[in-house]
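# Commentary on secondary and tertiary structure
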Amino acid sequence: MTSDNTELLAEIKRLREELNQMREIVNMLLNVVMEESEEEDDYDPVYINDDSTKRFNLYT
């Protein structure tokens, strides 16, 4: 019975370590996505055949 418990505790410890590694990976991926979206905000959108009369204007 004690060997089963020690095996279970070792498995739980291993699974916790893997979960922490996955959390780190997800956090890194989120950081990459957030950085890319911040970089995209620095540029104005480019319109092909831009006709300002057809665009919605919030301030009119």
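These notes cover the structure that comes with them. Predicted model only: the values in this text are computed from it and were never measured. In every chain, residue numbers begin from 1 and rise along the written sequence. Per-residue local features of the predicted model are confined to residues with pLDDT of at least 70, and side-chain atom pairs are confined, for both listing and counting, to 80 or more; whole-chain, interface and lining totals are unaffected and use all residues. Side-chain numbers here rest on the full set of heavy atoms in the structure, without hydrogens or water.

Counted as salt bridges are all cases of a side-chain nitrogen of Lys or Arg within 4 Å of a carboxyl oxygen of Asp or Glu. As enumerated under the stated definition, the model contains 2 salt bridges in all. The partner of R14 in a salt bridge is E11, with the nearest N and O atoms 2.4 Å apart. Placement of both R14 and E11 in helix 1 (residues 2-40) is noted, with a separation of 3 residues, approximately one turn of the helix. Exposure categories follow from relative accessible area, calculated using a 1.4 Å probe and restricted to protein chains: below 20% of the type maximum is buried, above 50% is exposed, and the middle band is partly exposed. The exposure class of R14 is partly exposed, given its relative accessible area of 36%. Taking relative accessible area as the criterion, E11 reaches 33% and is therefore assigned partly exposed. Among the ionic pairs, R14 bridges to E18, the shortest N-O distance being 2.4 Å. Residue R14 and its partner E18 are located together in helix 1, separated by 4 residues, close to a single helical turn. One connected set of salt bridges, linked through shared partners, spans E11, R14 and E18. The helix count covers DSSP runs of H or I at least four residues long, the strand count covers runs of E at least two residues long, and both are numbered beginning at the N terminus.

Shape is all these values report; function is a separate question.
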